[in-house]
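Each chain, letter by letter, is given below.
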Amino acid sequence: MIPYGRQNIDDADIDAVVKTLTSDWLTQGPRVPAFESALASYCDAKFGIAVNSATSALHIACLALDVGAGDIVWTSPNSFVASANCALYCGASIDFVDIDINTGNMCVDALTIKLAEADKKNCLPKVIIPVHFAGQPCDMVQIAKLAEQYQFKIIEDASHAVGAKYLGSTVGSCQYSDICVFSFHPVKIITTMEGGMAMTNQQALADKMRLLRSHGVSNDPSVMRSKAHGPWYYEQVGLGFNYRMNDIEAALGSSQLTKLDDFIAKRNAVAVRYSERFAENEWITPLVVDDAAYSSFHLYIVRIPELTQQQQSKLIETLRDKGIFAHLHYIPIHIQPYYADLGFKAGDLPNAERYYCEALTLPIFPNLTTSQIDFIADTLILLVNSLKR
Ligand SMILES: *Cc1c(COP(=O)(O)O)cnc(C)c1O
């Protein structure tokens, strides 16, 4: 079976992990700050706060921006549930902005209209979480302009987009946002097994997130209220969590980071080959990548217009029977039962819902071979043609 995504672990990665296992530190040693500064420097961000998942990073990012009861957060319905759950962890309420069906990203026109309406009703969001879907950065210039106009904060959910670029700047530079979050789950671009990082250029946000990831506890004299009782002394100054990344994960992350550009070049080459193969087919429509964006191609997605759910399901099943693990990203968050219980319903976000009926995720990872790509493309073209004719 050709999987839809696969981690890429080499001998250097294994050496880095094994060396750490036999070192003095397994948990809070020197490798976590080393990974943080390596990735911050790669992205041109001032600070990186490594945590045990992107989900944790989204949670502490919201808390650092003072999201709490009575606040409203908006995100994209075309994402993993964690993009929305983080607001609910903080006691805030969540709402969704519909997508541009051609890119799968939050639609800036829909956002503009929704903000104007919310402004009239006095229910503007405190934070908006754009998701760089499949690795393509959102239209951050426009979103940042709206943030200025309506005074909301921005957390980029860049779980798919480490190494992606937007108008020449690297995602994670936070040029257009307050905080940017990455995931290092094995299906993503680089892996630390479980892991994530929050990037920011704002010292106050970095300090807050560091406290939140580790119980709200500190031994930094500038943070503590009393003078140290002695060398053992620390203070809990807020309510935090145990969201720390460990040194083994960080060692793997630093080793993976040295290969990031290569991984992304290879993913782009896979995408180019697929798109060439599908160029002649009138039904198979790859997601559009904007000129402003260099996608990290976490996912390769095509749309096939006017499929019935039954046809879509059969198509994915048949591909899997033939050894191609096709997938579907994403079920719109607002139609999940938990979100339906909160009052969201089918029909609320027509583009995300239509997209969900038409989309299909094909395998993409750096070592996917040309003959595998051609086999996948041939198989899909044959199946779609027989469906449509
Ligand atoms: C994977 C993913 C997450 C969660 O990442 P974890 O590191 O597994 O917590 C959040 N948002 C998006 C868009 C993702 O794809």
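Being a predicted model, the structure only gives us computed values, none of them experimental. (Residues numbered from 1 in each chain as written. Predicted model: local features only at pLDDT ≥ 70, side-chain atom pairs only at ≥ 80, totals over all residues. Heavy atoms only, no water.)

**Quick look at the domain arrangement of the chain**
Counted only if it meets this: Boundaries between domains were set according to an automatic or database domain assignment. Buried area: the accessible area, evaluated with a 1.4 Å probe, that two parts lose upon being put together, summed over both parts. The rule for a salt bridge is simple: a side-chain nitrogen of Lys or Arg has to be within 4 Å of a carboxyl oxygen of Asp or Glu. Only DSSP runs of H or I with at least four residues qualify as helices, and only runs of E with at least two residues qualify as strands; both kinds are numbered from the N terminus onward.
Partitioning the chain into structural domains gives domain 1 (11-257) and domain 2 (260-388). Placing a centre on the C-alpha atoms of domain 1 and another on those of domain 2 gives a separation of 26 Å. Summed over both sides, the interface of domain 1 with domain 2 buries roughly 3200 Å², with 63% coming from carbon and sulfur. The tally of links between domain 1 and domain 2 comes to zero salt bridges. Residue assignment for the side of domain 1 that touches domain 2 shows that the elements contributing at least two residues are α4 (82-89), β3 (93-96), β6 (165-166) and α8 (247-257).

**Brief notes about the packing of helix α5 (residues 108-120) against helix α6 (residues 140-150)**
As a reminder of what qualifies: Axes here mean lines fitted to C-alpha atoms, for a helix over just the part in contact, with angles spanning 0 to 180 degrees between N-to-C directions. Should an angle fall under 35 degrees it is taken as roughly parallel, and over 145 as roughly antiparallel, whereas 65 to 115 is taken as roughly perpendicular and any remaining angle as oblique. In this analysis, two residues are considered to be in contact whenever any of their non-hydrogen atoms come within 4.5 Å of each other. Note on residue classes: Ala, Val, Leu, Ile, Met, Phe, Trp, Tyr, Cys and Pro are nonpolar, Asp, Glu, Lys and Arg are charged, and everything else, Gly too, is polar.
Taken N-terminus to C-terminus, the directions of α5 and α6 make an angle of 5°; their axes are 11 Å apart at the nearest point. Accordingly, the angle class assigned to the pair α5 and α6 is roughly parallel. For the pair α5 and α6, contact is made by V108, L111, T112, L115, A116 and D119 and by Q142, I143, L146 and Y150, respectively. Taken together, the residues that form the contact of α5 with α6 break down as seven nonpolar, two polar and one charged.

**Some words on the UniProt feature "active site" (unreviewed entry) in the chain**
Stated precisely, the cut-off is as follows: UniProt positions are given in the numbering used here, feature names are shortened, and annotations may be inferred rather than shown by experiment.
The UniProt record annotates "active site" (unreviewed entry) at K188. By the element assignment, K188 lies in the loop between β8 (179-183) and β9 (196-200). Beyond its immediate stretch of four places on either side in the chain, K188 contacts S159, H160, S183, R267 and H298.

**So, the side chain of E156**
Where we set the bar: For every residue, the accessible area obtained with a 1.4 Å probe (protein chains only) is divided by the maximum for its type, and the residue is called buried under 20%, exposed over 50%, and partly exposed between those limits. When charges are tallied, Lys and Arg are placed among the positive residues and Asp and Glu among the negative ones, while His and the ends of the chain are skipped.
Following the sequence through the fold, E156 ends up in strand β5 (residues 153-157). No salt bridge forms around the buried E156; measuring N to O, its nearest opposite-charge neighbour K165 is 13 Å away.

**A short note on the nonpolar core**
Test applied: As used in this record, nonpolar core signifies buried Ala, Val, Leu, Ile, Met, Phe, Trp, Tyr and Cys residues forming a set joined through side-chain atoms within 4.5 Å.
Core analysis: the biggest nonpolar cluster contains 79 residues, and I155, F278, L360 and L380 have the highest contact counts within it. When residues are assigned to domains, this core turns out to be shared by domain 1 (11-257) and domain 2 (260-388), each giving three or more. Beyond its immediate stretch of four places on either side in the chain, L380 contacts F278, I284, V302, L315, L319, L360 and L362. Listed in part, the 26 residues of the second largest apolar core include V162, V171, F184 and M199.

**Overview of the site of the ligand**
Put simply, the test is: By convention in these notes, a residue is near a molecule or strand provided one of its non-hydrogen atoms lies within 4 Å of it. Under the rule applied, a polar contact is a pair of N or O atoms within 3.5 Å (in protein, one hydrogen donor and one hydrogen acceptor; residues adjacent in sequence only if both atoms are side-chain atoms).
Residues in close proximity to the ligand total 15 residues, the closest being T55, D157, H160, S183 and K188. Here S159 contributes a side-chain N or O atom positioned 3.3 Å from a nitrogen atom of the ligand. Within the contact set of the ligand, an oxygen atom lies 2.7 Å away from a side-chain nitrogen or oxygen of H160. For the shell around the ligand, the class distribution of residues is five nonpolar, eight polar and two charged.

**Re the environment of D139**
With respect to the helices, strands and loops of the structure, D139 is situated in the loop between β4 (127-129) and α6. Between the C-alpha atom of D139 and that of V108, which follows or precedes it by 31 residues, the distance is 7.3 Å. In contact with D139, other than residues within four places in its own chain, are V108 and Y166.

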